[in-house]
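Fold and contact review
Each chain, written out:
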Amino acid sequence: DLLLALSELVHRAEERGKPFDHVVVEATGVADPAEARDRLVAARDDGNELFAYMELHTLVTVVDGAALPTLLRAAGPLLEHTALVDGTSDSGAPPPSAASAVLSVLVAQVECADVIVLNKRDLLRGPAGPG
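Residues numbered from 1 in each chain as written. Predicted model: local features only at pLDDT ≥ 70, side-chain atom pairs only at ≥ 80, totals over all residues. Heavy atoms only, no water.

In this section: the overall build of the protein chain. What the protein chain contains, in helices and strands, is five helices and two strands. Taken from N to C terminus, the helices and strands of the protein chain fall in the order α-α-β-α-α-α-β. Counting across all 131 residues of the protein chain, residues that qualify as buried make up 21%. For the protein chain, restricting intrachain contacts to residue pairs at least 6 apart in sequence, the fraction spanning at least 24 positions comes to 66%. Counting only carbon and sulfur atoms, one obtains 56% of the accessible surface of the protein chain, whose full area is about 9,400 Å². (Helix = DSSP H or I, 4+ residues; strand = E, 2+ residues; numbered from the N terminus. Buried < 20%, exposed > 50% of the residue type's maximum accessible area, 1.4 Å probe, protein only. Contact = heavy atoms within 4.5 Å. Areas by Shrake-Rupley, 256 points an atom, 1.4 Å probe, with all protein chains shown as cover.)

What follows is about a nonpolar patch on the surface. Nonpolar side chains collect at one region of the surface, where Leu-9, Phe-20, Val-23 and Val-25 lie side by side and expose about 310 Å² of accessible area between them. With relative accessibility at 33%, the residue Val-23 sits in the partly exposed group. (Patch = residues over 30% accessible without salt bridge, like charges linked within 9 Å, V, L, I, M, F, W, Y side chains within 5 Å. Salt bridge = Lys/Arg side-chain N within 4 Å of Asp/Glu carboxyl O.)

Turning to the side chain of Gln-109, a few remarks are in order. Counting through the fold element by element, Gln-109 comes out in helix H5 (residues 97-112). Residue Gln-109 is classed as buried on the basis of its relative accessible area of 11%. If we skip the residues at most four places from it in the chain, Gln-109 touches Thr-28, Gly-29, Val-30, Ala-31, Pro-33 and Thr-61.

This part covers the nonpolar core. Of all hydrophobic cores here, the largest spans eight residues; its members are Leu-3, Leu-6, Val-10, Leu-40, Ala-43, Leu-50, Phe-51 and Met-54. Top element by residues in this core is helix H1 (residues 2-16). It accounts for three residues. Residues contacting Val-10, with those up to four places away along its chain left out, are Leu-50, Tyr-53 and Met-54. (Core = buried A, V, L, I, M, F, W, Y, C linked by side-chain atoms within 4.5 Å.)

Each turn of an α-helix holds 3.6 residues, which means side chains three or four residues apart point in the same direction. Compared with the 21 Å implied by 1.5 Å per residue over 15 residues, the 21 Å span of H1 between its first and last C-alpha is a close match. When we look at burial in H1, the residues that qualify are Leu-3, Leu-6, Ser-7, Val-10 and Ala-13. Each buried residue of H1 lies within a common arc of 130° when the element is viewed along its axis, so the set occupies one face. Of the residues in H1, the exposed ones pointing more than 90 degrees away from the buried face are Leu-4, Arg-12 and Glu-15. Positive backbone phi, approximately 80°, marks Gly-17, located one or two places after H1. (Expected span 1.5 Å × (residues − 1). Arc of directions from axis to C-beta.)

With that settled, the discussion passes to the pattern of salt bridges. Under the defined criterion, the tally for this structure stands at five salt bridges. Between Arg-37 and Asp-38 there is a salt bridge, with the nearest N and O atoms lying 3.0 Å from each other. By relative accessible area, Arg-37 is classed as partly exposed at 28%. By relative accessible area, Asp-38 is classed as partly exposed at 41%.

Our next topic: the confidence of the model for the protein chain. Per-chain confidence: the protein chain averages 78 in pLDDT, with 74% of residues scoring 70 or above. Here helix H4 (residues 83-86) stands out as the element of the protein chain with the lowest mean pLDDT, 46, in contrast to H1, whose mean of 93 is the highest. (pLDDT = per-residue confidence, 0-100.)

And the structure:
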């Protein structure tokens, strides 16, 4: 559990007399950052003692710059499916599940982010690429 792990880190730092300046939590590429943020905010609002030592400052999303153009090109056809909104396509059939799931996660992560880091810039062509 994230809260327990963070509490353990804070207590160990306090015991050694060297508190952390910052703690960075890296989630998997398919994690829902809004869920993690909401859990931390709820714990803070409930008076969790952890927040006497720390605060949730910034949510950063790292976007794969090399894969982004392909994902965005796929967005047009995928957005024609209402499944991204209500779980079914216009025909009542489920949309292409893998592509829509990836796009849905990407959109959620970008929308929730305070900062977006575009990596693999060296693999991009055009104005965003090296140069």
